[in-house]
Amino acid sequence: MPRAALATTGVLCLTLLVAGCGDNGGGTYSPVTSAPSAPGTQSASTTPPPSPTTSAEVRITIRGFAFQPADLKVRPGTTVTVVNEDSASHTVTATGSDAFDTGEIAGGRSATFTAPDKPGTYPFFCSIHPNMKATLTVA
């Protein structure tokens, strides 16, 4: 293709590209800008960060013969998934009540339970390893 034809084709493409970016709806253009945050501060946001009480999945992980998190806050009736990453079996058993009990969860397996409907603090432990303790708060 001759050099002049290439230059004409390039100009035509650039013209079409620029024309396609124009406002053909009669509206106005309002750029969205935000001021940078000062170091060590956070910008305000209209969307709150997710919390364990609003996330799609509430989880307790058992790792190293410990519950993670050790203190979990949920809404009444929330389904809680317990994942046992240890090789030993464990339970999640409410202390002093029959509020919840997963039964034995083999190493590498998971189970679920439903948080009580009544708000309150529910300590729990592993009935196989009673030194493993944590707390479920229903609010």
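Below, the structure is looked at part by part. (Residues numbered from 1 in each chain as written. Predicted model: local features only at pLDDT ≥ 70, side-chain atom pairs only at ≥ 80, totals over all residues. Heavy atoms only, no water.)

1. Let's talk about the packing of aromatic side chains
Going through the model one piece at a time under the given rule, you end up with four aromatic pairs. Geometrically, the ring pair formed by Phe 67 and Phe 124 is edge-to-face, given 4.9 Å between the ring centres and 70° between the ring planes. Of this pair, Phe 67 sits in strand β2 (residues 67–68) while Phe 124 is found in strand β7 (residues 120–125), placing the two residues 57 residues apart along the sequence. Since its relative accessible area comes to 5%, Phe 67 is described here as buried. The exposure class of Phe 124 is buried, given its relative accessible area of 1%. Both rings, one in Phe 100 and one in Phe 113, keep their centres 4.5 Å apart while their planes meet at 15°; by these two values the pair is stacked. Taken together, the positions of Phe 100 in the loop between β5 (93–94) and β6 (110–114) and Phe 113 in strand β6 put the pair 13 residues apart, joining distant regions of the chain. (Phe/Tyr/Trp six-rings, centres within 6.5 Å; stacked < 30°, edge-to-face > 60°. Helix = DSSP H or I, 4+ residues; strand = E, 2+ residues; numbered from the N terminus. Buried < 20%, exposed > 50% of the residue type's maximum accessible area, 1.4 Å probe, protein only.)

2. A word on the sheet that holds β5
With mixed pairing, four strands are arranged side by side in an open sheet as β3-β8-β7-β5. Lying at the two open borders of the sheet, with one neighbouring strand each, are β3 (71–74) and β5. The pairing of β7 with strand β8 (residues 133–138) spans six bridges and is antiparallel. Paired with Gly 120 across the bridge in β8 is Val 138. (Pairing = 2+ DSSP bridges.)

3. Focus: the side chain of Asp 86
Locating Asp 86 in the fold gives a position in the loop between β4 (79–84) and β5. Buried charge Asp 86 goes without a salt bridge, the closest partner of opposite sign being Arg 63 at 6.9 Å. A polar contact is formed between the side chain of Asp 86 and the backbone nitrogen of Gly 64, at a distance of 2.7 Å. From its side chain, Asp 86 meets the backbone nitrogen of Phe 65 in a polar contact 2.9 Å long. Apart from residues lying up to four places away in sequence, Asp 86 is in contact with Ile 62, Arg 63, Gly 64, Phe 65, Gly 107 and Gly 108. (Lys, Arg positive; Asp, Glu negative; His and termini not counted. Salt bridge = Lys/Arg side-chain N within 4 Å of Asp/Glu carboxyl O. Polar contact = N/O pair within 3.5 Å; in protein donor to acceptor, adjacent residues only side chain to side chain. Contact = heavy atoms within 4.5 Å.)

4. A closer look at the pairing of β6
Residues Ala 111 and Phe 113 point to one face of β6 and are all buried, whereas Ser 110, Thr 112 and Thr 114, pointing to the other face, are not buried. Where β4 lies against β6, five bridges are found, and the strand directions are antiparallel. Within β6, the residue paired with Thr 81 across the bridge is Thr 112.

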